[in-house]
Amino acid sequence: MTKGVNALAAARILLLSAAAVVVAFPLLWVAIASLKSPAQLNDPGLILFLPNLENWARVLEAGILNAAGRSAFVATVTVAFSVVAGSMGAYAISAYKAGGSATRFGILAAQVLPPAVLVFPFLTMAYALNINNTYVPIIFAHLSFVLPVITWFLIGFFDAVPRSLEEQARVDGFSRFAAFRLVVLPQVLPGIGAAAIFGFTLSWNDMFYGLILAPPRETILPVAISAFNTFRGVELGAMSAAIIIAVVPVVIASFFIQRRLVQGISGGAVKF
Amino acid sequence: MTRFRWGMLAPVLAATGVAVGFPLAYAFYLSLTDYKLTSRGAPDFVGLENYLFVLSDARMWNAFGNTATYVAVAVTVQTVLGLAIALALQKQQWARDVTRAMLLAPMFITPIAVGLTFRFLLNDQLGAIPAVLRSIGISYDFFGPSNALLTLSFIDVWQWTPFMVLLLLAGLESIPRQPLEAARVDGASAWYAFRRVVLPLLTPVLTVAVLLRSLDALKVFEYVYATTRGGPGTETETIQFFTYQTGIQFFRLGEASAVAFVLLAIVLTFIVILFRRLQRSAAR
Amino acid sequence: MSTRSRALLSSVALTAALTLTISGCAGSGPTEDPVSSGLGDIPTDTEGTVRILMESVPDTDIVTELVGSFNETYPGIEVEIESLAFDQMRDKLIASFQSSDPAYDLIVVDNPWMDDFVDAGFLEPLDARIDSTTDYAPEDFFEPLVDITDVDGVRYGVPFYNYALGYLYRTDIYDEAGLEVPETLDELVSNVQALTTSDRTGIAMQPQRGYKIFEEWANWLFAAGGSIYDESGAPTLDTPEAAAALEAYIESFTTAAPENSSNWAFDEAFRSVSSGESASMISYNWNLPGLNDPEGASGDLAGSFALAPMPGGKQVLGSWSWAIPVNSGNSDAAWAFSSWITSSAVDIERVIAGGAAIRESTLSNASVLESGFGEDYYDAVIAILSDAAPLSQGLGGEEMIQAVGTELSEAVAGTKTVEQALSDAQAAVERIQR
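Residues numbered from 1 in each chain as written. Chains lettered and ligands numbered in written order. Predicted model: local features only at pLDDT ≥ 70, side-chain atom pairs only at ≥ 80, totals over all residues. Heavy atoms only, no water.

**Q** Summarise the sheet that holds strand S11 (residues 319-323) of chain C; cite the residues concerned and give the values.
**A** Remark on secondary structure: sheet strands pair via backbone hydrogen bonds, oriented parallel or antiparallel. Residue and element names in this part refer to chain C. Spatial strand order, S2-S1-S3-S11-S6: 5 strands in an open sheet with mixed pairing. Two strands bound the open sheet, and with one partner strand each, they are strand S2 (77-84) and strand S6 (158-162). Recorded for the sheet is a direction-independent mean angle of 25° between the axes of neighbouring strands. One ladder, built from 4 bridges, connects S6 with S11; its direction is antiparallel. Paired with Pro159 across the bridge in S11 is Ser321. In the packing of helix H4 (residues 111-119) onto the sheet, contacts are made with strand S3 (106-110) and S11, and the angle to S3 comes to roughly 115°. (Pairing = 2+ DSSP bridges. Helix = DSSP H or I, 4+ residues; strand = E, 2+ residues; numbered from the N terminus. Axes fitted to C-alpha atoms, helices over the stretch in contact; angles between N-to-C directions. Contact = heavy atoms within 4.5 Å.)

And the structure:
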């Protein structure tokens, strides 16, 4: 029995170590590449060398932090709206079975549409309403794939909240909305946190809508990173620095968030 | 009661109407016209002509097939791997937070950056991985004929297995202890306990994870764009890439819209069938 | 009808109404034929802003540096340059045409799009302006570049920079092997094979599907005596010369190109050459200074590269042109800038800074020749530009290039025979450019 357990433990450690290596390897490679000069980049085996901070200087000068800020802004607004509207809607769908079960899956179908096709309708809308120099079009475009996912996700969480809690609140004299806000909502807060993180990631990673719909000369992060893929070649060093800048804050944040994330999702016992 | 219900639904309905409904409707309208991005004035209505053309276009079906293969491979591997890692993480005693944070990192990198990174990481002369492989005598063309689609699937696995790990770990932690204890008391082996107790209880989460991830994987574009541009030949031409080229590079947006709706119809059908099957098994 | 159904119905109706209203704006680009003020000499006290969308290439950087100098002549014109990578730039450009509100006042147009944009009425005809600008000397532009701006006898652009291809090679390796620069297709193949050793290959090729492979292979096609189009404009891709060229290309790829390089594009090939792992590559003529730059990717190898015309003397050419969109906010100011930057004096400055020339007089100018990139380089460029042709002619340029590029990729991958690939390419071009 002990031998079986030890074998499993060994397998577990092996798997996790392998996973850690597989994840870390490309990231380390990128980090190292960001410190190499153009000539040094030609040599993959070069690990010990005098680091060169030129790439970092270039990238910071090119305004990558501003691009990251804009991405964060768009993502935050998108997620904030999605969480508010989505939790209200998800509650209604869960509590009143509004729209029937077909809605629950139909919501996901919106995820399938290629941005290449939807971007021009958004653009036309933006020009027609003369808002193409604002962040409104890109936020709406991001809402198109963040809002459904967050709503859908939250339906499962609301399903897990016992009706009795709410009924008790109503008996105690709370209005329907107050019952929702003060009794039901706190129960799904971890779930909302998890959904918010997912939504943020989806918005943060979008390149296509950001390219066409962002206000002129105000690029968002993925577009800024892909700008290093130029006609004169991929500027590997600078791009590596940009990638590290894009990744590190999020990884640090996820260190603090991951526990909540897991708790949040498991608390909702995601159902369909 | 009804006013409250509609009041709660109003924001999400309104936002969905504007953000999803309108572009969808407009794109549908375009799919019924001969609209080109280089058109002058309003486009002509051509009815179902675009749809007929698209449905009989071998290139489109090739793109669809490539995408289906990509999704099948990537999501299967991610799910199996994700489950294994989640199981391991659940039992892990030390350095939990650090391991988990690090393992989640790939999810948060914008896909175009992941694509470009792997393009160079797997480059025969510049990349570290071929250098390592060469030292043990293996020469492999990662983006070559017959290999490219598989390579792209594995890039997807690298980036999105953490997503699976996240969901499955959460699912595992929400499983009640009781049935497992009972099984152990009855002398069941670890494998038996896993297969007969854990897996069935995990099915809802597994379904959600696979569904969400599959729908996302269907939209693969950035990896292709960053690496192979659809080649060699048409091997890695995915449906998104095909739509992008048709609609935006070749200006034929009406036709591209038709492709998008054909895709939507196929996926919706699939979802409905899946949903019916799950409902039936849940009822059982 | 229940409340739910009623609400659903009304929201559907609302969306439909909204859609139809705004769909009236579909294709809301220009509906009349574009006209031009025809003004050539723009007064130096003109005021305005010129917003330009450009591709982020070395030549754009050089233009940006010259803006200050422009403002000495035209202090009232503010120039704002937005610079993006190729695909992104194209996507934004197309998007900008959809609006009746000016998004950019001056643009650069790549040669495959020229005909399509003109056909769509996006560009202002420039004949009147060109002919009435004093001391402009448009006959000084290289002929292939002017041909590209000419659609049905009217000029819609002036050249910005050329990207003609040439053969970039290591002079020391060639000398060591006792070889001369190849002058025929067979010599090219045998040379690169001879130069392939255990730790270096003869040529770094770029067989990535689509634009890259077609751009590279077309040079082989010309070297074999073939052509992409005939005089009447019909495609001629399914010819014995094309088959010979494709076979030679595949042979070089399998015997003299780096291993596992079937997806290589410019980047990989450039790095392979600059790190010394390949002896040569076919690429844009203005990459030579980059290769010979001691601070660049070549490191110690800087200085040992040279440029030569392709075997047979004819090569592929691409060209970007300045053009004024019909929805430009200030087309006179836009012409002021574009005519200034393409004038003889400024072209000399551009080329000295490392830019790609557009005027014949520039490449025989004394100060250019002694400026440091070497007389040989400029001689090679003159030879290259004297006989160069673009990949596409006519409408549907981009689609045609992608279609041929896909077929070529199939041939190199082995999924189609050379004959099949070429005949499919021919059929595709005929269909696309009907």
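Once the structure has been displayed, the description carries forward.
**Q** Describe the packing of helix H2 (residues 58-73) of chain C against helix H13 (residues 331-341) of chain C, listing the residues and the values that go with them.
**A** Residue and element names in this part refer to chain C. Direction vectors running N to C along H2 and H13 enclose 110°, while the axes themselves pass 11 Å from each other. Viewed along their axes, H2 and H13 adopt a mutual orientation that is roughly perpendicular. In the crossing of H2 with H13, the sense of the turn from one axis to the other is right-handed. Contacts between H2 and H13 involve Val63, Leu66, Val67, Ser69, Phe70 and Thr73 on the former and, on the latter, Ala336, Phe337, Trp340 and Ile341. When its residues are assigned to classes, the contact of H2 with H13 shows 8 nonpolar, 2 polar and no charged. (Parallel < 35°, antiparallel > 145°, perpendicular 65-115°, else oblique. Left-handed = near helix turned anticlockwise from the far one by under 90°. Nonpolar A, V, L, I, M, F, W, Y, C, P; charged D, E, K, R; others polar.)

**Q** Requested: an account of the packing of helix H10 (residues 240-256) of chain C against helix H18 (residues 418-432) of chain C, with residues and values cited.
**A** Residues and elements named next belong to chain C. Where H10 contacts H18, the two axes come as close as 10 Å, and the packing angle between them is 125°. As the angle between them shows, H10 and H18 are arranged oblique. Handedness of the crossing formed by H10 with H18: right-handed. Of H18, the residues touching H10 (which contributes Ala242, Ala243, Leu246, Glu247 and Ile250) are Val418, Glu419 and Leu422. Of the residues contributing to the contact of H10 with H18, the split by class is 6 nonpolar, no polar and 2 charged.

**Q** Give me the interface of chain B and chain A: which residues, what numbers.
**A** Note: interface size is frequently given as the accessible area lost on complex formation between the parts. Taken together, the contacts link 90 residues of chain B with 85 residues of chain A. Considering only the surface of chain B that becomes buried against chain A, Phe4, Met8 and Phe108 of chain B emerge as the three largest contributors, covering 9% of it. Along the contact surface separating chain B from chain A lie 0 salt bridges. Remark: the boundary between chain B and chain A carries 3 residue pairs in polar contact (both at pLDDT 80 or more). It is helix H1 (residues 2-31) of chain B that provides the largest number of residues to the side of chain B that touches chain A, a total of 17 residues. Its residues placed into classes, the side of chain B that touches chain A shows 68 nonpolar, 13 polar and 9 charged. (Buried area = accessible area lost by both parts, 1.4 Å probe. Salt bridge = Lys/Arg side-chain N within 4 Å of Asp/Glu carboxyl O. Polar contact = N/O pair within 3.5 Å; in protein donor to acceptor, adjacent residues only side chain to side chain.)

**Q** Would you mind going over the interface of chain A and chain C in detail, with residue names and values included?
**A** Taken together, the contact pairs 28 residues of chain A with 34 residues of chain C. Surface buried jointly by chain A and chain C totals about 2600 Å² across both partners, of which 60% is contributed by carbon and sulfur atoms. The interface formed by chain A and chain C includes 0 salt bridges. Across the contact surface, chain A and chain C share 0 residue pairs in polar contact (both at pLDDT 80 or more).

**Q** Give a description of the pairing of strand S8 (residues 280-284) of chain C that names residues and reports values.
**A** All names here are of chain C. When you tally the buried positions in S8, you get 5 out of 5 residues, the bulk of the element. In terms of strand pairing, strand S7 (residues 165-170) meets S8 through 5 bridges, oriented antiparallel. Bridge pairing in S8 places Leu168 opposite Met281. (Buried < 20%, exposed > 50% of the residue type's maximum accessible area, 1.4 Å probe, protein only.)

**Q** Can you break down helix H16 (residues 375-386) of chain C residue by residue, with the values?
**A** Residue pairs spaced three or four apart in an α-helix point in one direction, given the helix's 3.6 residues per turn. Residues and elements named next belong to chain C. Relative to the 16 Å expected for 12 residues at 1.5 Å per residue, H16 spans 17 Å between its end C-alpha atoms, a close match to the ideal helical length. All of the buried residues in H16 are Tyr377, Tyr378, Ala380, Val381, Ile384 and Leu385. Burial along H16 is one-sided: seen end-on, the buried residues are contained in an arc of 160°. In H16, the exposed positions angled more than 90 degrees off the buried face are occupied by Asp376 and Ser386. (Expected span 1.5 Å × (residues − 1). Arc of directions from axis to C-beta.)

**Q** A description of the packing of aromatic side chains should follow, citing residues and the corresponding values.
**A** With the rule as written, the count across this model stands at 54 aromatic pairs over all chains. Between Tyr91 of chain A and Phe180 of chain A, the aromatic rings sit 4.8 Å apart at their centres with planes inclined by 50°, giving tilted as the arrangement. Taken as a pair, Tyr91 of chain A in helix H3 (residues 64-96) and Phe180 of chain A in helix H8 (residues 176-205) lie far apart in primary sequence, 89 residues in all. Across the pair, Phe180 of chain A and Tyr91 of chain A agree in class, each one buried. Relative to Phe337 of chain C, the ring of Trp322 of chain C lies with its centre 5.9 Å away and its plane at 85°, an arrangement referred to as edge-to-face. A residue pair is termed long-range when its members are at least 10 positions apart, and Trp322 of chain C in strand S11 and Phe337 of chain C in helix H13 qualify at 15 residues. There is no split in this pair, since Trp322 of chain C and Phe337 of chain C are both buried. (Phe/Tyr/Trp six-rings, centres within 6.5 Å; stacked < 30°, edge-to-face > 60°.)

**Q** Now, about unusual backbone geometry: what can you tell me, with residues and values included?
**A** Look at the link from Gly231 of chain B to Pro232 of chain B: it is a cis peptide, with omega at -5°. Topologically, Pro232 of chain B is positioned in the loop between helix H10 (222-226) and helix H11 (239-249). With a phi angle near 70°, Phe251 of chain B is a residue other than glycine that sits in the positive phi range. With respect to the helices and strands, Phe251 of chain B occurs in the loop between H11 and helix H12 (253-283). Residue class for Phe251 of chain B comes out buried when judged on its relative accessible area of 4%. Non-glycine residue Asp152 of chain C carries a positive phi angle of around 55°.

**Q** An account of the pattern of salt bridges is requested, with residue identities and associated values reported.
**A** Where charged atoms from two side chains of opposite charge come close, those side chains can pair. Throughout the structure, instances matching the rule amount to 25 salt bridges over all chains. Here Glu268 of chain C makes a salt bridge to Arg119 of chain B, at a shortest N to O gap of 2.7 Å. Linking Glu268 of chain C in helix H11 (residues 266-274) with Arg119 of chain B in helix H5 (residues 111-121), this pair reaches from one chain into another. A relative accessible area of 7% places Arg119 of chain B in the buried class. A salt bridge links Glu398 of chain C to Arg90 of chain C; its shortest N-O distance comes to 3.0 Å. With Glu398 of chain C in helix H17 (residues 397-413) and Arg90 of chain C in helix H3 (residues 86-97), the pair connects residues that are 308 residues apart, well separated along the chain. Since its relative accessible area comes to 9%, Glu398 of chain C is described here as buried. Sharing partners across several salt bridges, the network here consists of Arg59 and Glu237 of chain B together with Arg209 of chain C.

**Q** Summarise the pairing of S3 of chain C; cite the residues concerned and give the values.
**A** All names here are of chain C. S3 sits mainly inside the fold: 5 of its 5 residues count as buried. With burial as the criterion, each face of S3 is covered, one bearing Leu106, Val108 and Asp110 and the other bearing Ile107 and Val109. Pairing of strand S1 (residues 48-55) with S3, which is carried by 2 bridges, proceeds in the parallel orientation. Across the sheet, residue Leu53 finds its bridge partner in S3, namely Ile107. Note: S3 against S11, 4 bridges, orientation antiparallel.

By themselves, these observations are geometric and do not establish any function.
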